[in-house]
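# Analysis of the macromolecular model
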Amino acid sequence: MSRTDELFTFELDLGAGEGCMTEEGLEDTVYNCLDFCLLYGKTPHFYLGGDDPLRHPSIWTVLELLREEGASFSLLSEPEKTEFERNRHPLSEENKVEIACDGLARQGDTIIGNVFEDRLADLWVVSGCGR
């Protein structure tokens with residue numbers, strides 16, 4: 001994998017119930033992430049987590065969207081997410097953004113903004129990420 005084709009991971013907290021992202025919000029977030037990767041020459045991978053991502057009412061729409069866009073993804077239940085967090089490489093933090101149900105994006109302990117309000121690529125530059 002060349003430097004311009006680096007894997008970039010997005011952890012989306014799909015959650016379930018009243019606090020979950022709407023289908024429109026979820027689609028906008030996915031396109032926002034794909035746009036970021038296109039601009040920065042990254043290869044996207046989506047970790048779809050939450051209490052039980054398969055219970056999200058729009059999960060099949062999102063999976064179809066990811067398939068159409070050629071983006072890879074993993075569905076993580078809570079035990080799998082714990083295992084993932086325990087075993088991931090510490091250097092991967094610079095190439096990962098966590099996005100909560102409310103659209104709040106974090107890189108490590110830094111809140112970089114809200115993907116519902118701004119483009120992830122712009123938030124990335126303003127926050128000084130990736131330097």
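These lines cover the structure that appears in this document, whether it is placed above or below. (Residues numbered from 1 in each chain as written. Predicted model: local features only at pLDDT ≥ 70, side-chain atom pairs only at ≥ 80, totals over all residues. Heavy atoms only, no water.)

### With respect to the pattern of salt bridges
Selection rule: Within this document, salt bridges are pairs made up of a side-chain nitrogen of Lys or Arg and a carboxyl oxygen of Asp or Glu, the two lying within 4 Å of each other. Helix and strand definitions here come from DSSP, where helices need a minimum of 4 consecutive H or I residues and strands a minimum of 2 consecutive E residues; each element is numbered from the N-terminal end. Throughout this description, buried means an accessible area under 20% of the type-specific maximum (1.4 Å probe, protein chains only), exposed means over 50%, and partly exposed covers the range between.
Taken as a whole and judged by the stated rule, the model has five salt bridges. Lysine 42 serves as the salt-bridge partner of glutamate 6, at 2.9 Å between the closest nitrogen and oxygen. Of this pair, glutamate 6 sits in strand β1 (residues 6–13) while lysine 42 is found in strand β2 (residues 42–49), placing the two residues 36 residues apart along the sequence. On the basis of relative accessible area, glutamate 6 is assigned to the buried category, the value being 14%. According to the relative accessible area criterion, lysine 42 is buried, its value standing at 17%. When the shortest N-O distance is used, the salt bridge between lysine 96 and glutamate 11 registers 3.2 Å.

### What about the sheet that holds strand β3 (residues 72–75)?
Just so we agree on the cut-off: Between any two strands, at least two bridges found by DSSP are needed for them to pair. Throughout, an axis means a line fitted to C-alpha atoms (over the contacting stretch in the case of helices), and angles, computed between N-to-C directions, take values from 0 to 180 degrees.
The six strands are arranged β3-β2-β1-β4-β5-β6 in an open sheet whose pairing can be described as mixed. One side of each edge strand has no neighbouring strand; the edge strands of this open sheet are β3 and β6 (110–114). For this sheet, the mean inter-axis angle between neighbouring strands, taken without regard to orientation, is 25 degrees. Sheet topology note: the β1/strand β4 (residues 96–99) ladder contains four bridges and is parallel. Within β4, the position partnered with glutamate 11 by the bridge is glutamate 98.

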